[in-house]
Amino acid sequence: MQEFLNGLTRTDMCGKLSAKDVDKKVVLMGWVHRRRDLGSLMFLQLRDITGIAQIVFDTDICDQSLLQKASEIKLEYVIAVCGFVRLRKEGNTNSNMTTGEIEVCATELRILSTALTPPFSIGDDTAGEMLRLQYRYLDLRRSKLQQNLILRSKICNIARNYFDECGFCEIETPILGKSTPEGARDYLVPSRIKHGSFYALPQAPQLYKQLLMMGGMDRYYQIARCFRDEDLRANRQPEFTQIDMEMSFIDQPDSIINLVEGLIIRWFDRLLNIKLAPHFMRMTYAESMSRFGTDKPDLRYDVEIKDITTTLNNCGFSIYQDIINDNGYIGAVVLRGKQAELSRKTLDRYTEFVKGYKVKGLGYFAVEEGSIRSSFAKNLTPQATKDFEQKLNLAVGDIAFVICDKVAEKAQTALGALRCELASKFNLIDKNDYKLLWITEFPLLEYSEDEGRFVARHHPFTSPMVEDLPLLDSKPGLVRAKAYDIVINGDEMGGGSIRICDTEMQERMFNVLGIPEEQIKNRFGYFVDALKYGTPPHGGMAFGLDRLTMVLGKIDNIREVIAFPKTQTATCMMSQAPNVVDKPQLAELGIEVIKE
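All of the points below concern the structure found in this document. As a convention, each chain's residues are numbered from 1 in the sequence order in which they are written. In keeping with the model being predicted, local features are shown solely for residues with a pLDDT of at least 70 and side-chain atom pairs are shown and tallied solely at 80 or more, while totals for entire chains, interfaces and linings include all residues. Hydrogens and waters are ignored; side-chain quantities use all the structure's heavy atoms.

1. Quick word on the pairing of strand 17 (residues 436-440)
- Burial classification: accessible surface area is computed with a 1.4 Å probe over protein chains only, and a residue below 20% of its type maximum counts as buried, one above 50% as exposed, and the rest as partly exposed. Counting from the N terminus, the helices are DSSP H or I runs at least four residues long and the strands are E runs at least two residues long. Most of strand 17 sits out of view: 5 of its 5 residues are buried.
- Side-chain alternation along strand 17 places Leu436, Trp438 and Thr440 on one buried face and Leu437 and Ile439 on a second face that is also buried.
- For two strands to pair, DSSP has to find at least two bridges joining them. Summarising the sheet, strand 11 (residues 281-284) and strand 17 pair through 4 bridges and their orientation is parallel. Paired with Met281 across the two strands is Leu437, which belongs to strand 17.

2. Observations concerning the packing of helix 9 (residues 344-355) against helix 11 (residues 408-425)
- Interaxial angles span 0 to 180 degrees and are taken between N-to-C directions of axes, which are lines fitted to C-alpha atoms, for helices over the stretch in contact. Contact geometry of helix 9 with helix 11 gives a least axis separation of 9 Å together with a crossing angle of 140°. It follows from the interaxial angle that helix 9 and helix 11 lie oblique. In this structure, helix 9 meets helix 11 at a crossing whose hand is right-handed. Contact residues: Arg349, Tyr350, Phe353 and Val354 in helix 9; Ala414, Ala417, Leu418, Glu421, Leu422 and Lys425 in helix 11. Here roughly perpendicular refers to angles of 65 to 115 degrees, roughly parallel to angles under 35, roughly antiparallel to angles over 145, and oblique to all remaining angles. Put simply, a crossing is left-handed when the front helix is turned counterclockwise from the back one by less than a right angle, and right-handed when it is turned clockwise. Note on contacts: a residue pair qualifies if any of its non-hydrogen atoms lie within 4.5 Å across the two residues.

3. Section: the environment of Arg225
- Counting through the fold element by element, Arg225 comes out in strand 9 (residues 219-227).
- Relative accessible area serves as the criterion here: at 35%, Arg225 is assigned to the partly exposed category.
- Considered as a pair, Arg225 and Thr569 are 344 residues apart in the sequence and their alpha carbons are 20 Å apart.
- Among all residues touching Arg225, those that are not within four sequence positions of it are Arg152, Ile175, Pro202, Glu239, Phe240 and Thr241.
- Of the polar contacts made by the side chain of Arg225, one reaches the side chain of Glu239; its length is 3.1 Å.
- Polar contacts involving the side chain of Arg225 include one to the side chain of Thr241, which spans 2.6 Å. Under the rule applied, a polar contact is a pair of N or O atoms within 3.5 Å (in protein, one hydrogen donor and one hydrogen acceptor; residues adjacent in sequence only if both atoms are side-chain atoms).

4. A short note on the sheet that holds strand 20 (residues 483-488)
- A sheet is described by the order of its strands in space; here 8 strands give the open sequence 6-9-10-22-21-20-17-11, paired in mixed fashion. Each having just a single partner strand, strand 6 (169-170) and strand 11 make up the two edges of the open sheet.
- Contacts from helix 7 (residues 285-292) reach strand 11 and strand 17, with the element oriented near 90° to strand 11.

5. What to know about the pairing of strand 1 (residues 25-37)
- Pairing of strand 1 with strand 4 (residues 78-87), which is carried by 7 bridges, proceeds in the antiparallel orientation. Residue Lys25 lies in a different strand from strand 4, and its bridge partner there is Phe84.
- The pairing of strand 1 with strand 2 (residues 41-48) spans 6 bridges and is antiparallel. Note that in strand 2 the partner of Val32 across the bridge is Leu46.
- Counting the residues that bridge the hairpin from strand 1 to strand 2 gives 3 residues, and of these Gly39 lies at a positive phi of roughly 90°.

6. Some details on the state of the cysteines
- Criterion for a disulfide: a pair of cysteine sulfur atoms at a distance within 2.5 Å. Evaluated as defined, the whole model comprises 0 disulfides.
- No disulfide involves Cys166; its sulfur sits 14 Å from that of Cys169, the nearest cysteine.
- The class of Cys166 is partly exposed, set by a relative accessible area of 23%.

7. Re the side chain of Thr549
- Checked against the element boundaries, Thr549 lands in helix 14 (residues 545-553).
- Within the structure, the side chain of Thr549 is placed 2.8 Å from the backbone oxygen of Leu545, a separation counted as a polar contact.
- Leave out the neighbours within four places in its chain, and Thr549 touches Asn148, Leu151, Arg152, Ile155, Ile555 and Val561.

8. A closer look at the side chain of Ser497
- Assignment of secondary structure puts Ser497 in strand 21 (residues 491-498).
- Ser497 sits in the buried class, given a relative accessible area of 1%.
- Setting aside its immediate chain neighbours within four residues, Ser497 contacts His459, Thr462, Lys482, Ala483, Tyr484, Gly539 and Gly540.

9. Focus on the packing of aromatic side chains
- Aromatic pairs are defined between Phe, Tyr and Trp rings, using the six-membered ring for Trp, whenever the two ring centres lie within 6.5 Å; interplanar angles under 30 degrees are classed as stacked, those over 60 as edge-to-face, and all others as tilted. If you walk through the whole model with that rule in mind, you get 20 aromatic pairs.
- Each ring, one from Tyr162 and one from Phe163, has its centre 6.2 Å from the other, and the planes form 65°; the classification is edge-to-face. Each member of the pair, Tyr162 as well as Phe163, carries the same accessibility label: buried.
- Geometrically, the ring pair formed by Phe461 and Phe510 is edge-to-face, given 6.4 Å between the ring centres and 90° between the ring planes. In this pair, Phe461 sits in the loop between strand 19 (453-456) and strand 20 while Phe510 sits in helix 12 (residues 503-513), placing the two residues 49 residues apart along the sequence.
- By relative accessible area, Phe461 is classed as buried at 0%.
- Taken together, the ring pairs in this structure connect Phe317, Tyr320, Phe365, Phe376 and Phe388 into an aromatic cluster.

10. A word on the packing of helix 4 (residues 143-165) against helix 6 (residues 253-272)
- It is at 10 Å that the axes of helix 4 and helix 6 come closest, and there the two elements cross at 140°. By the angle between their directions, the pair helix 4 and helix 6 is classed as oblique. Seen along the crossing, helix 4 lies across helix 6 with a hand that is right-handed. Within the contact between the two elements, helix 4 uses Leu151, Lys154, Ile155, Ile158, Ala159, Asn161, Tyr162, Phe163 and Glu165 and helix 6 uses Leu259, Gly262, Leu263, Arg266, Trp267, Arg270 and Leu271.
- Three classes are used: nonpolar for Ala, Val, Leu, Ile, Met, Phe, Trp, Tyr, Cys and Pro, charged for Asp, Glu, Lys and Arg, and polar for all others, with Gly counted as polar. Of the residues contributing to the contact of helix 4 with helix 6, the split by class is 10 nonpolar, 2 polar and 4 charged.

Now the structure itself:
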């Protein structure tokens, strides 16, 4: 039966007690984590968000009625215990607990809430994830999950303090806005007042934060909720959080990059006790693609793509020669000292793997003692074989993987994916290391085969680099953007750009994108009008808070850093959202559901 506190006030947290508290009278409150009944002695482990303390009911100290009451307690009961701290007896200390030197000898006990037997043991990480998500309110009691959410809170707190010091103002932007599709599908909210009209949940606060700069707010930040109706994976959720910022009177990325580096340095210092260099490595998009086959390279292992197109010219192998004659590309990655561990079956599996990146195949060249094992070496001239080995600096035990294609970026992307696969398979990654870099000078536009036109690489409000403006109309695919991403250990943690700040340039951008005038007016009319009333040069960026927490906490699953996450089918296992609603609710909104 539930009891009232009757004047008891918590004095200490369970996980904060230590030997310096010996003889101190304390009142602890929390959940019963474990229990052990020895007859004349009863031991309980009491848990709160700070950790666990051992409670002992000792008949030498407490009366029989208290021991009897303690014996009725079950796991996950919520209790209050009054007692005094003492050292554990010699041989009974527990080095695995932060409170392992001490225990609390109980003199008083209150049962605050009883509990059913949980469907899984709290702290049991082997319980199935779907079961834990169904009972998320129980799963949240796990220490690891609680620490993840505490880390997330600290990241936000440090960001708020930093931006405040730098003169930023925290401003909320609307959740109910207008649908302006920017790549992913919008989540739509029907209007009860205007049947047939819909709000859209924001994919990002992009237009609003630019409007704040036009409104003279100078420096803005927000920890913003965002929503995208897209296919999910391990590091993506339908609703997520951005640490968002924008600042006025800048026209070069350096202004934002330098400011953001200060924030990242503070995060690493205060949360991980890691001192970062005052400035991070920078790499252009073109260099990143040529060396690593991705715009978010993991630099914790030394495997790079090598361009061997020129090396294999006149090599004698018709497949490679045809690619070269067609101005195509041939690249390779080398795995050092591991060729003996790669069976033909494994090599065939890697061939199938790269085909997923729309290349036709994978060549290999393994150097054995006194011989070569290769899928293509027999077709090379002796000189080409020698040049190939020298170019890649191959030694006994090494194996080179080769991919060719008429489109360089396609081959590079496949090699980049293979590079990551090999690093994971052969444990080449130092999990205790952190490598940070900026990727800059992204393409402003990319051609969409599906839409038959150029689309914005980031969004249509990104400023092109001034020196590339003459190419915007004639060769738009070659125009670089004043855009930048921060990458940590192969994950994009955030990105941003300098924005377009004049009407003429914005109209030119819309024209290149092939967006009709009526569509511009319908989707962005208020924004285009705002540009006409005096717009400061401005730019900004946003961090993905969920991913950032994952990287700083070395967590593999995004659901482990969100209090109430969705599954990969965008379902909440606990509440069963999304779900059907009553017909009267639909009628109020003027909506009829058509069953498939």
